Amino acid sequence: MATLLLVEDNELNRDMLGRRLQRMGYTVKIAVNGQEGIDLARTVQPDLVLMDINMPILDGWEAARILKSDVDTQNIPIIALTAHAMTSDRDKAGEIGFNDFATKPVDFPALVGMIEKWISHAHITG
Amino acid sequence: MLTPGAPVPKCRTLPIRTKLTFLSVMVVVALGLILYLSWYRDTSIRQMDDTRNTIQSMDVMLMDMQRIQNDFVNLFDPRYLDEFSITFDRFVESTEDLKDGFWDRGLPVDSLERLVVLTSEHQYLFDEMAEQLTTIGQDESDGLRGKLAQAVTAIEAELSHVSNATNQRHALHRQLVIMQILTKDLLLHKQAAYAQRFEGNFAALLGDVDQMVTEAQVRIRLRTALFAYRENFLKLITAAERVGLNYEHGMRAEIGGTVAEARETLARLTAEVNVAIGLQEQNLNVLIGVTAGSFSLAFLLALVMLGRSISTPIRNVTGIMTQLADGDLSVDIPDQPRRDEIGDMLRALRVFKMGAIIRRRTQEELRKAHDELETRVEQRTRALSEEIQERRRAETELKRAREQAESANQAKSLFLANMSHELRTPLNAIIGYSEMLQEDAADLGFEGMTLDLDKINTAGKHLLGLITGILDISKIEAGRFEATVERFIVRDVIDTVVDTVQPLITNNANTLEVSYTDDLGDMETDATRLRQILFNFLSNAAKFTEGGTITLRAFREADIAGDTLVFSVTDTGIGMDQKQLGMVFEPFTQADVSTTRKYGGTGLGLTLNRELARLLGGEVMAYSTLGKGSTFTVRLPARAPIETLDMLNQGT
């Protein structure tokens, strides 16, 4: 089963989402901020990253930019998780290199569909 | 000229204009008189010249007549008689002319009358002379001369009877020829000496006849013839002497005397006429001179008087005017009842003075009023400036208050936005965990827990919807609303919305009907917001309709006003009354509280729709009949207006 990296600063969300994903059968690695997320992504090399945007130390935008500029990690699909429902955020996300965009509160079945789509896509291309 | 009833003024001054008119008339009359006199003088002189000429021509006529009469006497031609009478008639005519002229011009006529007398004498003498000359006869066939010739013939006839034995007949004949020559000489020279010589010759001839003629009968007849001759000859002498054998004798001398006197008279006349003419001319010249002089004098006098009568009062008036102009209103203006222009001026000046006095008084009053006004204006200005300062203070305070209010509102909106975000995070957990528990409960078969967990989940989602709506509205209010304008196909948006809303429709056993025209084409606006608006309308309709039909209609409306897309959602639900309809777009105003409980929903969707439509340059409308259903319509411009974009961009 695929390995997911969940980068989320909020403990409740992190716990809830992490557990629900594990139940779905994914291996879930957890990071609490952008920096940790980058480090983990480099070492673990997950199949997909779920990245919160509003985080301390290093926010989701910056972390994603770094991951997409690094040769080792640039092929890992990243899905943004944000409370911002703004379209400008969606555009910004596209520019930076996020592969997809999910608004909180997360519609879980839809998120799972999105994850599956990107993992299989990465396997085909990768 | 005077106004009837007006008191007769003491000083009757004629208007200057009238005076000038009088003066002009005077000048014209004087000029006319002088011209007439000059003309009369020239005419008189011309007439006098005519008279002089007439007199001279009369003198010439007299000389002419004398010449004619001399010629007549010498040549004894009857045509001279005609010539004389013609000249004489002319002379008489001239005399008559002269007489008329003399009478007309009052010249002395004594000499002229004398001339007339002399003239008639002259005529008489000439007539008589002509008669005498006729008696004498023109030639040997006429008058005394004819009788003399007959006598000569008779004598010659008798002489032929005389025998010429001893040349007696020749001797007699010779003496007869001598007698004839004497006669002719007498006629030619008209000298008395010839008469004496004739007598001698006749006596000798008569003696010879008695001596030489022997025949008695012949002698007697010869003597008779001779005496007849002598008789006629004596008559001839008498006539000739009567006529005048020369200028010193007879009628010729008389005529000469008459003519001489006539000529003298003429000369006197000329002198008299000359004197008269000179006198007349002199008189006329004097008259002209006197007239011109007197008129000039009168004119000068009148001019000086006029000048004085104008200039003195004008000087006075000027003085008054100068004083008035200097502002001296105490100047006395004489109240003379002058009736001329000066009087008018004085009257005008009086009026002016009165006006000036009134004006001065008015000016003083005005100045006073002005001063008063100025004082009041100053007071008012002071009061006003205080007022202005106060107002400025108030304004500043107001501005500060407004700024405070604005910043407070922004702070509120910002706070709300942040709050919403902060609220969403725990809500995410609530919704997420409740969903997770539902899954767990379903897996473990805890049916009773599933319902409660479902309630938690629903309440959480409702709260999330509320928060999202508040977030959107407060963002719009805070001017931080964000929109992305992009070009999209309208039908795609409709399809997406229909897919999304389908579960809500079927929840209440409703049917969704969608109808749109083929010309929908594409739009250039915020697709997400359009989707949101349509979703809100559709979900709202689905909420308040049960087992009914919900219709989504869309069409394009392109006219001068612009290119607009109209979307309307009609339901067959509970509908609203007018009061509810009036507040339907206000926040949290669902028909009543019970409605919320029964139908759910945040009560913010329609409000948000109105705000979103406004931001995209459009508008929302609602129609409804209680119990029958409602129709909500949104009209959006196909291209979001630039101001909206600007505002949106400002918001980001």
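Structure: see above.
For the structure given in this document, a descriptive report is provided here. Everything quoted here is computed from the prediction, not taken from an experiment.

1. Here we look at the overall build of chain A
- A tally of helices and strands in chain A yields 5 helices and 5 strands.
- Within chain A, the proportion of its 126 residues that are buried is 52%.
- Considering only contacts in chain A between residues 6 or more positions apart, those separated by 24 or more positions represent 62%.
- Working note: accessible area of chain A is about 5,700 Å², and carbon and sulfur atoms make up 50% of it.

2. Let's talk about the overall build of chain B
- Along the backbone of chain B there are 16 helices and 7 strands.
- Looking at chain B as a whole, 38% of its 652 residues are labelled buried.
- Taking as baseline every contact in chain B between residues at least 6 positions apart, the subset at least 24 positions apart corresponds to 72%.
- Summed over its atoms, the accessible surface of chain B is roughly 37,400 Å², and 56% of this surface lies on carbon and sulfur atoms.

3. Notes on the pattern of salt bridges
Residues and elements named next belong to chain B.
- Here the structure, examined in full by the defined rule, presents 28 salt bridges over all chains.
- Measuring nitrogen to oxygen at the nearest pair gives 2.7 Å for the salt bridge that ties D344 to R347. Of this pair, D344 and R347 both sit in helix α9 (residues 341–444), 3 residues apart, which is roughly one turn of that helix.
- We classify D344 as partly exposed; its relative accessible area is 42%.
- Look at R347 and you get partly exposed, because its relative accessible area is 36%.

4. Points about the packing of helix α2 (residues 79–105) of chain B against helix α8 (residues 250–325) of chain B
Residues and elements named next belong to chain B.
- Relative orientation of the contacting elements α2 and α8 amounts to 30 degrees, with a least axis distance of 13 Å. Here α2 is positioned roughly parallel relative to α8, judged by the angle of their axes. Viewed along their axes, α2 and α8 form a crossing whose handedness is left-handed. Of α8, the residues touching α2 (which contributes F91, L98, F102 and R105) are L266, L269, V273 and Q280.

5. Quick word on the side chain of K68(A)
Residues and elements named next belong to chain A.
- Structurally, the position occupied by K68 is in helix α3 (residues 60–69).
- Despite its burial, K68 remains without a salt bridge, the nearest opposite charge being carried by D70 at 12 Å.
- A distance of 3.2 Å separates polar atoms of two side chains, one belonging to K68 and the other to N99.

6. Some remarks on the sheet that holds strand β4 (residues 78–82) of chain A
All names here are of chain A.
- Ordered in space as β2-β1-β3-β4-β5, the 5 strands form an open sheet in which the pairing is parallel. Each edge of the open sheet is held by one strand with a lone partner, namely β2 (27–31) and β5 (100–103). Across the sheet, the mean angle separating the axes of adjacent strands is 20 degrees when strand polarity is ignored.
- Of the strand pairs in this sheet, strand β3 (residues 48–52) and β4 are connected by 4 bridges, and their pairing is parallel. From the neighbouring strand, M51 faces β4, where its bridge partner is A80.

7. Some words on the sheet that holds strand β6 (residues 619–625) of chain B
All names here are of chain B.
- Here 5 strands make up an open sheet; going across it, the order is β2-β4-β5-β7-β6 and the pairing mixed. Edge positions in the sheet fall to β2 (511–516) and β6, since each has one partner strand and no second. Ignoring strand direction, the axes of neighbouring strands in this sheet form an average angle of 15 degrees.
- Sheet strands touched by helix α11 (residues 490–507): β2, β4 (549–559) and β5 (562–570). Its angle to β2, the strand with the most contacts, is close to 170 degrees.
- Contacts from helix α12 (residues 527–543) reach β2, β4, β5, β6 and β7 (629–637), with the element oriented near 175 degrees to β7.

8. Focus: helix α2 (residues 34–44) of chain A
All names here are of chain A.
- Among the residues of α2, G34, G37, I38 and A41 are the ones counted as buried. Around the axis of α2, the buried residues are gathered within 100 degrees of arc, so they sit on the same side.
- Looking at the packing, one finds that the buried side of α2 touches β1 (3–7), β2 and α3.
- The distance from a side-chain oxygen at the start of α2 to the backbone nitrogen of Q35 is 3.0 Å, and the residue carrying that oxygen is N33.
- Of the residues flanking the end of α2, it is Q45, one or two places downstream, whose phi is positive at about 55 degrees.

9. Some remarks on the packing of helix α4 (residues 143–159) of chain B against helix α7 (residues 216–243) of chain B
Residue and element names in this part refer to chain B.
- Taken N-terminus to C-terminus, the directions of α4 and α7 make an angle of 160 degrees; their axes are 9 Å apart at the nearest point. Considering the angle they form, α4 stands roughly antiparallel to α7. Between α4 and α7 the crossing geometry is left-handed. Contacts between α4 and α7 pair L144, K147, L148, A151, V152, A154, I155, E158 and L159 from the former with V218, R221, L222, A225, L226, Y229, N232, F233, K235 and L236 from the latter.
- Taken together, the residues of the contact of α4 with α7 break down into 14 nonpolar, 1 polar and 4 charged.

10. Regarding the pairing of β6(B)
- Burial along β6(B) is one-sided: the face carrying V620(B), A622(B) and S624(B) is buried and the face carrying E619(B), M621(B), Y623(B) and T625(B) is not.
- Connecting β6(B) to the next strand, β7(B), in antiparallel fashion are 3 residues, including G627(B) with a positive phi near 85 degrees.

11. Digging into the interface of chain B and chain A
- Contacts between the two partners involve 18 residues from chain B and, on the opposite side, 20 residues from chain A.
- Counting each side, the surface lost to burial between chain B and chain A is near 1,800 Å², with a carbon and sulfur contribution of 51%.
- Per-residue buried area on chain B facing chain A is highest for N428(B), Y433(B) and M436(B); these three make up 30% of the total on that side.
- Where chain B touches chain A, the interface holds 3 salt bridges.
- Ionic pairing is found between E435(B) and R20(A), a salt bridge with its closest N-O pair at 3.0 Å.
- Where chain B packs against chain A, one counts 7 residue pairs in polar contact (both at pLDDT 80 or more).
- Within the residue set of the side of chain B that touches chain A, elements represented by two or more residues are α9, α10 (447–478) and α12 of chain B.
- By residue number, the principal contributor to the side of chain B that touches chain A is α9(B), which donates 12 residues.
- Considered class by class, the residues forming the side of chain B that touches chain A number 5 nonpolar, 6 polar and 7 charged.

12. Here we look at α12(B)
All names here are of chain B.
- In a regular helix each residue adds 1.5 Å, so 17 residues correspond to 24 Å; α12 covers 24 Å between its end C-alpha atoms and thus fits that length.
- Buried residues dominate α12, accounting for 13 of its 17 residues.
- Of the residues flanking the start of α12, the one acting as N-cap is D526, its side-chain oxygen 3.1 Å from the backbone nitrogen of T528.

13. Remarks on the environment of I310(B)
Residue and element names in this part refer to chain B.
- Note on placement: I310 falls in helix α8.
- Residue I310 is classed as buried on the basis of its relative accessible area, which comes to 18%.
- When the C-alpha atoms of I310 and I342 are compared, they prove to be 7.7 Å apart, with 32 residues separating the residues in sequence.
- Discounting residues that sit within four places of it in the chain, I310 has contacts with I16 and I342.

14. Brief notes about the side chain of T73(A)
Residues and elements named next belong to chain A.
- When you line up the elements, T73 lands in the loop between α3 and β4.
- Among the polar contacts listed, one links the side chain of T73 to the backbone oxygen of L67, at a separation of 2.6 Å.
- Apart from the residues within four sequence positions on either side, T73 is in contact with A41, R42, Q45 and L67.

15. Some points on the packing of aromatic side chains
All names here are of chain B.
- Enumeration over the complete set of coordinates arrives at 11 aromatic pairs over all chains.
- Taking the centre distance of 6.1 Å and the plane angle of 20 degrees together, the rings of F198 and F202 count as stacked. Here F198 pairs with F202, and both are found in helix α6 (residues 193–212), just 4 residues apart, close to one helical turn.
- The exposure class of F198 is buried, given its relative accessible area of 0%.

What counts, and at which threshold
Residues numbered from 1 in each chain as written. Chains lettered and ligands numbered in written order. Predicted model: local features only at pLDDT ≥ 70, side-chain atom pairs only at ≥ 80, totals over all residues. Heavy atoms only, no water. Helix = DSSP H or I, 4+ residues; strand = E, 2+ residues; numbered from the N terminus. Buried < 20%, exposed > 50% of the residue type's maximum accessible area, 1.4 Å probe, protein only. Contact = heavy atoms within 4.5 Å. Areas by Shrake-Rupley, 256 points an atom, 1.4 Å probe, with all protein chains shown as cover. Salt bridge = Lys/Arg side-chain N within 4 Å of Asp/Glu carboxyl O. Axes fitted to C-alpha atoms, helices over the stretch in contact; angles between N-to-C directions. Parallel < 35°, antiparallel > 145°, perpendicular 65-115°, else oblique. Left-handed = near helix turned anticlockwise from the far one by under 90°. Lys, Arg positive; Asp, Glu negative; His and termini not counted. Polar contact = N/O pair within 3.5 Å; in protein donor to acceptor, adjacent residues only side chain to side chain. Pairing = 2+ DSSP bridges. Arc of directions from axis to C-beta. Nonpolar A, V, L, I, M, F, W, Y, C, P; charged D, E, K, R; others polar. Buried area = accessible area lost by both parts, 1.4 Å probe. Expected span 1.5 Å × (residues − 1). Phe/Tyr/Trp six-rings, centres within 6.5 Å; stacked < 30°, edge-to-face > 60°.

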